[in-house]
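# Tertiary structure, described
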Amino acid sequence: MVTPAGKREAVAHLKVAFEMSERRACETVGCCRMTVRYTSTRDGDHALRERMKAIAHERRRFGYRRIHVLLKREGLAINHKRLFRLYREEKLAVRKRGGRKRAIGTRSPMLVPMLPNQRWSLDFVSDQFTDGRRFRVLTVVDDCTRECLALVADTSLSGRRVARELSQLLLQRGKPNMIVSDNGSELTSNAILKWSDEAHIDWHYIAPGKPTQNGFIESFNGKLRDEKLNETLFTTLHQARIELAQWRNDYNTKRPHSGLGWLTPSEFANHNVPSKQWPSGAVQLDGSAPMAIASTAQQGINNRQSGLRTG
């Protein structure tokens, strides 16, 4: 009952239930009579509420901060605190999906690359079709600009298939200085070791059981699962590939990224990387992508005959 609206409700209740006068009810509640008689002159922000609800319905996993950025892009200048009030009144809060265990102990900060193609990171994400069959998605991210370089969906992704996809990506983007991944069987196969040696790319494996050493791809995978995989029913592999391609384009060109000052990855790559140098022979596509950045793991033994270091 500390808010003016609560006090007005209390005064109205006393007047109806106990037949008190307005003066006596206000004295009992401790409220000014002017507060009780006040009538709001706000228009209700109907147009703003409708647009906010439309964006929240279209992007169900976006909170009020990202909705605020999208509204500003559309020319709707509004204070973020006012938008948060309307957001709560419309009950649009994003429901949290369970919890997770938190690591205990000290963490070393991850070094962020300053240029595109300094480092890529890659990983796999699993999902299933409506009939229960499983499929996997190979995700590749450039950690400098945070752009998604590739989303490759298939029912089986072997080491040879990953090598072919990376070779195609090199023709489009040029060669990175380093690629970071975990120790999955596909990524430690002879096909990947041979490909990295022939391409002269330093392939770094994180320490086993330390996904935080590849934090940028883990963060991206969380967004992919939360905003796309958990929100979509996939019936066929063809549909999954189309849906993922559309989401990748939206992620790179439209979705504001909190780690980039609410710019999209493409905007950050084009405007906030002053000395972007593309390797010779690279085919420059529309936009660019963020470089993968994972903290360097402790040095280990050499992997076979290659100079790659395991985590």
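Residues numbered from 1 in each chain as written. Predicted model: local features only at pLDDT ≥ 70, side-chain atom pairs only at ≥ 80, totals over all residues. Heavy atoms only, no water.

## A short note on the confidence of the model for the chain
Worth spelling out the cut-off: pLDDT is a residue-level measure of predictor confidence that goes from 0 to 100. Here, two residues are considered to be in contact whenever any of their heavy atoms come within 4.5 Å of each other.
Mean pLDDT over the chain stands at 83; residues scoring 70 or higher make up 83%. Contacts of residues 275-311 to residues separated by more than four positions or lying in other chains number 125 contacts, the stretch itself having pLDDT below 50.

## So, the pairing of strand E2 (residues 134-142)
Which entries qualify depends on this criterion: Note on classification: 1.4 Å probe, protein chains only; a residue is buried when its accessible area is under 20% of the maximum for its type, exposed when over 50%, partly exposed between these limits. Helix and strand labels come from DSSP, where a helix needs a run of H or I of at least four residues and a strand needs a run of E of at least two; each type is numbered from the N terminus. Pairing between strands is defined by DSSP: at least two bridges between the two strands are required.
Burial analysis of E2 places 7 of its 9 residues in the buried class, the great majority of the element. Bridge count between strand E1 (residues 119-128) and E2: 9 bridges; the pairing is antiparallel. Across the sheet, Asp-123 pairs through a bridge with Thr-139, a residue of E2. Following E1, the chain reverses through 5 residues before pairing antiparallel with E2; Gly-132 in that reversal takes a positive phi of roughly 95 degrees. Across 7 bridges, E2 lies against strand E3 (residues 147-154) in antiparallel orientation.

## Observations concerning the pairing of strand E5 (residues 202-205)
Inclusion rule: Looking down the strands as they point away from the viewer, one classifies a crossover as right-handed if the path from the first strand across the helix to the second runs clockwise.
As paired elements, strand E4 (residues 178-181) and E5 share 4 bridges and run parallel to each other. Bridge pairing in E5 places Ile-179 opposite Trp-203. On the question of chirality, the crossover connecting E4 to the parallel E5 by way of helix H8 (residues 190-199) is right-handed.

## Examining the packing of aromatic side chains
Quick reminder of the rule: What counts as a ring pair is set by centres within 6.5 Å for rings of Phe, Tyr and Trp (its six-membered ring), and what kind of pair is set by the plane angle: stacked under 30 degrees, edge-to-face over 60, tilted for all other angles. In our convention, an over-ring charge means Lys NZ or Arg CZ found within 6 Å of a ring centre and within 35 degrees of that ring's normal.
A full pass over the atoms with the stated rule returns 9 aromatic pairs. Ring geometry for Phe-129 against Phe-135: centres 4.7 Å apart, planes inclined by 25 degrees, an arrangement best described as stacked. The pair formed by Phe-129 and Phe-135 is uniform in burial state, with each residue classed as buried. Judged by centre distance (5.6 Å) and plane angle (85 degrees), the ring pair of Phe-135 and Phe-234 falls under edge-to-face. Taken as a pair, Phe-135 in strand E2 and Phe-234 in the loop between helix H9 (215-227) and helix H10 (237-253) lie far apart in primary sequence, 99 residues in all. Across this residue pair, the class does not change: Phe-135 and Phe-234 are buried. Aromatic ring contacts, followed pair by pair, group Tyr-64, Phe-84 and Tyr-87 into a single cluster. The ring of Phe-62 carries Arg-66 above its face, with NZ or CZ at 5.9 Å from the centroid. A cation over a ring is seen here: Arg-136 above Phe-124, with NZ or CZ 4.3 Å from the ring centre.

## Remarks on the packing of helix H4 (residues 46-58) against helix H6 (residues 80-89)
We count it as follows: Here an axis means a line fitted to C-alpha atoms, over the contact stretch when the element is a helix, while the angle between two N-to-C directions is reported on a 0 to 180 degree scale. Oblique is the label for any angle not under 35 degrees, not over 145, and not in the 65 to 115 range, which are roughly parallel, roughly antiparallel and roughly perpendicular in turn.
Taken N-terminus to C-terminus, the directions of H4 and H6 make an angle of 70 degrees; their axes are 11 Å apart at the nearest point. As far as their axial angle goes, H6 and H4 are roughly perpendicular. In contact with Leu-48, Arg-49 and Met-52 of H4, H6 contributes Leu-83, Arg-85, Leu-86, Tyr-87 and Glu-89.

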